[in-house]
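Commentary on secondary and tertiary structure
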Amino acid sequence: MPTVTTPPHAAANSYTTTAAADAYLATRPAAQANAWATLGAAAREAALIAATAVLEAYPWTGVKAHALADNALAWPRSYVYNRDGQQYPGDTIPAPIQQACAELAYLIATGAVGTNGAAATASAAALTSVTVGDISVSYDPERQAATTGFNSGYSSVVDLLIAPFVETRAPAARLTR
C-alpha cells in the first residue's frame, strides 16, 4: 500500500513520504543509511505506515487542525509551538515528527522494534532473577542500560524528536469537600 501523506487527507496513512524518509535516513550513520537503502520500496512504505500507526497512539499537544473526514491522522495540528515559542503552521507536519516517523520506520523494517513499537529487546530481557518471598528482582546492568529509554524505550532519537510535541500534563482532577 503506497503512503499517503498530503496533509490533510482522508486516506492519509503516513507522517512522511518515502522520498523524505530516504533523504533523512541517508544522513544517518552509514550502517543505518545502508540498511534502509537496501530495503525495497514496498518494505519502506509498509514500515512508514506501521511507524505512523505507532506514533498515532501518542497524546499530542495542540488540537487536530482538520475534521476526521478531512484528515485520518492526528497531524497536522494547530496550536503547536516549537522550542522558541513559534507556532507551527496548522497545515503541515513538523519536520521532527516526520524524522521520528522515518527513524521508527527504520527500526521496524530492520526488526529492532515490532509494529506495535515494542522494543525487540524489552527491559524484561535484562531480568536475570526474581524472588517472590520478600520481593527481590535482579537485572543485568549491561542489558538493562541498552533497553532503557527516555520515554518509549525503543529509541532515544525518536524520543528526543517527539518530546516537545507530546502532551505531558496530567489530566485535571476536580477536588470536592
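The preceding data block contains the structure.
Quick summary incoming for the structure in this document. Fair warning: this is a prediction, and the values are worked out from it, not measured in the lab. (Residues numbered from 1 in each chain as written. Predicted model: local features only at pLDDT ≥ 70, side-chain atom pairs only at ≥ 80, totals over all residues. Heavy atoms only, no water.)

Here the focus is the packing of helix H3 (residues 41–55) against helix H4 (residues 95–109). When two helices pack together, their arrangement is given by the angle between their axes and by how far apart the axes lie. Remark: H3 packs on H4, axes separated minimally by 8 Å, with the N-to-C direction vectors making an angle of 115°. Every pair of crossing elements has a handedness; the one defined by H3 and H4 is right-handed. Taking contact as the criterion, the partners of Ala47, Leu48, Ala50, Ala51, Thr52, Val54 and Leu55 in H3 are, on H4, Ala100, Cys101, Ala102, Leu104, Ala105, Ile108 and Ala109. Of the residues belonging to the contact of H3 with H4, the class tally is 13 nonpolar, one polar and no charged. (Axes fitted to C-alpha atoms, helices over the stretch in contact; angles between N-to-C directions. Helix = DSSP H or I, 4+ residues; strand = E, 2+ residues; numbered from the N terminus. Left-handed = near helix turned anticlockwise from the far one by under 90°. Contact = heavy atoms within 4.5 Å. Nonpolar A, V, L, I, M, F, W, Y, C, P; charged D, E, K, R; others polar.)

Here we come to the packing of aromatic side chains. This structure, assessed with the given rule, holds four aromatic pairs. Here Tyr58 and Trp60 contribute two aromatic rings whose centre-to-centre distance is 5.6 Å and whose plane-to-plane angle is 40°, an arrangement assigned as tilted. A residue is classified by how much of its surface remains accessible, and Tyr58, at 15% relative accessible area, is buried. Seen in terms of ring centroids, Trp60 and Trp75 are 5.6 Å apart; in terms of plane orientation they differ by 70°. Their pairing is edge-to-face. Here Trp60 is found in the loop between H3 and strand E1 (63–64), whereas its partner Trp75 is found in the loop between E1 and strand E2 (77–78), with 15 residues between them in sequence. Assigned by exposure class, Trp60 and Trp75 land together as buried. Taken together, Tyr58, Trp60, Trp75, Tyr88 and Phe165 form an aromatic cluster joined through their ring pairs. (Phe/Tyr/Trp six-rings, centres within 6.5 Å; stacked < 30°, edge-to-face > 60°. Buried < 20%, exposed > 50% of the residue type's maximum accessible area, 1.4 Å probe, protein only.)

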